[in-house]
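Chain residues, written in single-letter form:
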Amino acid sequence: MIWPLHICSRSLGAAAALALLALLPASVLWAATVAGAVELRESRIDSVARGKDYSGVVISLHAVNQPAASNAAKHVTMLQKDKMFTPHILPILAGTTIDFPNADPIFHNAFSSYSGQIFDVGLYPPGTSRSVRFQRPGIVRVFCNIHPAMSAIILVLATPHFTVTARDGSFHLDVPAGSYDLRVFHERATEQTLDSLSRRIIVGTDGLRVPPISVSEAGYLITPHKNKYGKDYDPPPDDKTLYPGGHP
Amino acid sequence: MRILFVAAFISASPILRAQSNTDSALQAVIERLDRLEKQNRELLTEVQELRRQLGGPAQSASADASPPAGSSPPPPAERLDVQESRTEELAQTKVGTSQRMPVSLTGMVLFNAFHNGGFGGGTEVPASAQLAKSSDASGATFRQTVIGLTFNGPDLPGGGKASGNAYFDFWGGSAAPSNNLFRVRTATLDLAWKNTTISAGQDKPIVSPREPTSLAEVGLAPLVGAGNLWDWQPQLRIEQRYSFRNSDPNGNETGLKLQAGIFETSEVYSSTAPAALSGTLEKQRPAYEARLLFYRGIPGKRRVEIAPGVHASTTHVAGQSVDSRLGTLDWLIQPANRISLTGAFFQGTDDSGLGGLRQGFTLLSSGAAIPVHAAGGWSQLAVTLAPRLSLHIFGGEESDRPSDLTPNSVRRNLVYAANAMYKLAPNVIAALETSQTRTDYILSGTRINNHYDLALAYLF
């Protein structure tokens, strides 16, 4: 913690105010805003190409020459409802625990077997929850072993400075002034594309407006994933019928 | 001073021109780079698509399960923890089969408590109001319990797969609790490839695959004799699928399914026909059926399905042939996640072989056999009021042409019903259903029967 050195005041009130300020860490005192906007190009998704929905892109700032942060002790939630993981994209600081409450009236599962941190919370009933602590930075692709259409991405980061773009693509982050590596993650962009978007920025005390970031979705392919045993999913139970052997 | 300025301007002109030329050249280079970058991305897409088709790893950013390049593999301890938890999950008794193919046990234990009005005919689930009045009847039964076996595999040549199911209940025999016989309800053996499925089985007619949602009527289909052509009969069918928007990233799906096959009818000798000729009826006849389903699915569980169909068979009775010809239409309209409208309609002649009103032909006093013209259908509105609570309102009727009928035949059978279902647990459903059946008899008037049913189902 760094303390302000130059306190100079003629009145007691001003001195008290400055004394209060002195109790705050420098990172808060010198916080600056990094703002910008992301545009998605060459998308085959109607809501993106026509609706200009640029949400869901993760922007993270990694302080240069500073050790990675990984000591988060907080819980965040990824809800299972209406056979969907919500939110679909969830960036977290390494060390964070994610709770997976099941708000559907059916059983669910959550697992990741292939990248990032692997885990499997097993099959669990409605109204209950399971938790997993993510300790290593990486991209964790989450699926449900019963419902192949369900998927989500947990982006485990070694920095506390991250955000997800709004629908119009805008973002802003409050960070201490300094030098950072800006990185971009978008689930429908290739690794090469994302690498080319990384850049070093210097944030002054008056903040920084980042030039527009244009992310191409060229090369994005939809391919089915396997179940948690690495096999093809069984045909899903026919939920169009009330009971086994019934008719829709 | 002015001379100096002019001289300076003249001397600077070539530099400005050169600057202008440089800018335009730079712009051209940038544009060319943009074009090359675009071409590069298109080529990358093609390469990935080719790799995918060849079965190789697709270096894409899609939601597949391939690990990103450069990511370190999970530590062995982490992997071991996951495997141990999965082994524990699998530590349960399995159904073993002699062929070592996985078979799953499924079904529903169903308890029904019911009350019928005086025209129920003493049956548990009356299809029509009876002509003669009797006393009200109440009771309870487990006869509608369903037990099923499903299997998935093995693989077939050409990338296909064999799968299927068989479902049984205890609706055979009589209503006496000690005389409920185990019987096959429906069964299917599917040989499926990417766009084609060949099925052999016992199921509803190809032209009438839908029905209302009910736990009161399971041993017989809901709306029997009131617009739902339901007979579960042996059949052989082929289905060809055409998808117009394959792998649409937006989740839209549009396509056609063409179904055609041979269906074995279940011919019924009308109770109003001369008993002496009942032995002349061929009990089963082949029917030829086809149905064309058009579907359009939109994200958010909105969906539209429309399917016209045709049925053709010939009933053999009293040494004569009676044509059974039906045109059908069924539909599903789901404008939102929680609301759906389903239904079916048919019109034609001699529908008794498919589960109609069981009076498909009339034997005239002259000895001639004529087909009974019939029209019918049903519709259901289903609303999910809450995640655990759903409401179903449905009704249907069959009307047969009076001029084709003899006295005491049914001219019209109308049933309307409503039920509320509540999920006590994901697999435990409680349902309350009420229905009214109004049956019009030629020369005998209308009979009305009320039916009430309380059901408790455990799905497994």
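The next subject is the overall build of chain A. Broken down by element type, chain A carries 4 helices and 18 strands. Residue pairs in contact within chain A that sit at least 24 positions apart in sequence constitute 64% of those at least 6 positions apart.

So, about the overall build of chain B. Helix and strand counts for chain B come out as 2 helices and 19 strands. In chain B, which comprises 460 residues, the share counted as buried stands at 33%. Relative to all contacts within chain B whose residues are 6 or more apart in sequence, the contacts with residues 24 or more apart total 59%.

All names here are of chain B. Relative to strand β17 (residues 410-425), strand β16 (residues 389-400) is paired through 11 bridges, and the arrangement is antiparallel. In the sheet register, G395 faces β17, and the bridge partner there is Y416. Bridge count for β17 against strand β18 (residues 428-441) is 14 bridges, and the pairing is antiparallel. Bridge pairing links A420 to L432 in β18. From the end of β17 to the start of β18, which pair antiparallel, there are 2 residues.

On to the sheet that holds strand β13 (residues 162-164) of chain A. Hydrogen bonding along the main chain pairs the strands of a sheet, whether they run parallel or antiparallel. Residue and element names in this part refer to chain A. If you walk across this open sheet you meet the 4 strands as β13-β2-β15-β16, and the pairing is antiparallel. What marks the edges here is a single partner per strand, and that holds for β13 and β16 (199-203). For this sheet the average axis-to-axis angle between neighbouring strands, irrespective of direction, equals 25°. When strand β2 (residues 58-63) meets β13, the two strands line up antiparallel, connected through 3 bridges. Bridge pairing in β13 places V58 opposite V164.

What follows concerns helix α2 (residues 76-90) of chain B. Given a rise of 1.5 Å per residue, 15 residues ought to cover 21 Å, and the 21 Å separating the end C-alpha atoms of α2(B) matches this to within 8%. Counting buried residues in α2(B) gives 1 out of 15 residues, a small share hidden from the surface.

A:I92, A:F134, A:V142, A:I154, A:V156 and A:V215 are the most contacted members of the largest nonpolar core, which totals 44 residues. Each of domain 1 (32-66 + 160-222) and domain 2 (69-158) of chain A accounts for three or more of the residues forming this core. Every residue in contact with A:V156, bar those within four places of it in the chain, is listed here: A:I92, A:A94, A:G116, A:Q117, A:F134, A:R136, A:P137, A:G138 and A:V140. Of all hydrophobic cores here, the second largest spans 16 residues; its members include B:A221, B:A226, B:L354 and B:W378.

The next subject is the confidence of the model for chain A. Chain-level pLDDT for chain A is 85 on average; 83% of the residues reach the 70-or-more range. Note on residues 1-12 of chain A: pLDDT under 50 across the span, and 10 contacts to partners over four residues away in sequence or across chains.

All names here are of chain A. Pairing in this open sheet of 3 strands is mixed, and the strands run β3-β7-β10 from one edge to the other. Two strands lie at the open edges of the sheet, namely β3 (75-77) and β10 (129-133), each paired on one side alone. Within the sheet, the average angular offset between the axes of one strand and its neighbour, ignoring direction, is 25°. In this sheet, strand β7 (residues 97-101) lies alongside β3 in parallel orientation, the contact comprising 3 bridges. By the bridge assignment for β7, V76 is matched with I98.

Looking now at the environment of B:G327. All names here are of chain B. Tracing the chain through its elements places G327 in strand β11 (residues 320-336). Between the C-alpha atom of G327 and that of T349, which follows or precedes it by 22 residues, the distance is 9.4 Å. Leaving out residues up to four positions away in the same chain, G327 has contacts with V310, F346, Q347 and G348.

Moving on to unusual backbone geometry. The omega angle of the peptide bond from A:T86 to A:P87 is 0°, so this bond is cis rather than trans. Within the secondary structure, A:P87 is located in the loop between β5 (84-86) and β6 (89-93). Going from B:G153 to B:P154, the amide bond is cis rather than trans, its omega being 10°. Locating B:P154 in the fold gives a position in strand β3 (residues 146-156). Unusually for a residue other than glycine, A:D82 sits at a positive phi of about 55°. Its place among the elements puts A:D82 in the loop between β4 (79-81) and β5. Among the residues examined, A:D82 registers 13 C-beta atoms within 10 Å and is labelled partly exposed.

How each quantity is defined
- The residue numbering used here restarts from 1 in each chain and proceeds along that chain's sequence as written.
- Here every chain gets a letter starting at A, and every ligand a number starting at 1, in the order they are written.
- The model is predicted, so local features are restricted to residues of pLDDT at least 70 and side-chain atom pairs to those at 80 or more, both for listing and for counting; the totals for chains, interfaces and linings are taken over all residues.
- Starting at the N terminus, helices and strands are each numbered in turn, a helix being any DSSP run of H or I of at least four residues and a strand any DSSP run of E of at least two.
- This entry defines residue contacts through backbone-placed C-beta atoms, with two residues in contact when those atoms are within 7 Å.
- The burial criterion counts other C-beta atoms lying within 10 Å of a residue's C-beta, which is placed from the backbone; the residue is buried at 20 or more, exposed at 12 or fewer, and partly exposed between these limits.
- By definition, two strands form a pair when at least two bridges between them are found by DSSP.
- Between N-to-C directions, angles span 0 to 180 degrees; the directions come from axes that are lines fitted to C-alpha atoms, helices contributing only their stretch in contact.
- A helix is expected to span 1.5 Å for every residue after the first.
- Think of a nonpolar core as buried Ala, Val, Leu, Ile, Met, Phe, Trp, Tyr and Cys residues, each tied to the set through C-beta atoms within 7 Å.
- These domain limits were set by an automatic method or by a database of domain assignments.
- For every residue, the pLDDT score states the predictor's confidence, bounded by 0 at the bottom and 100 at the top.

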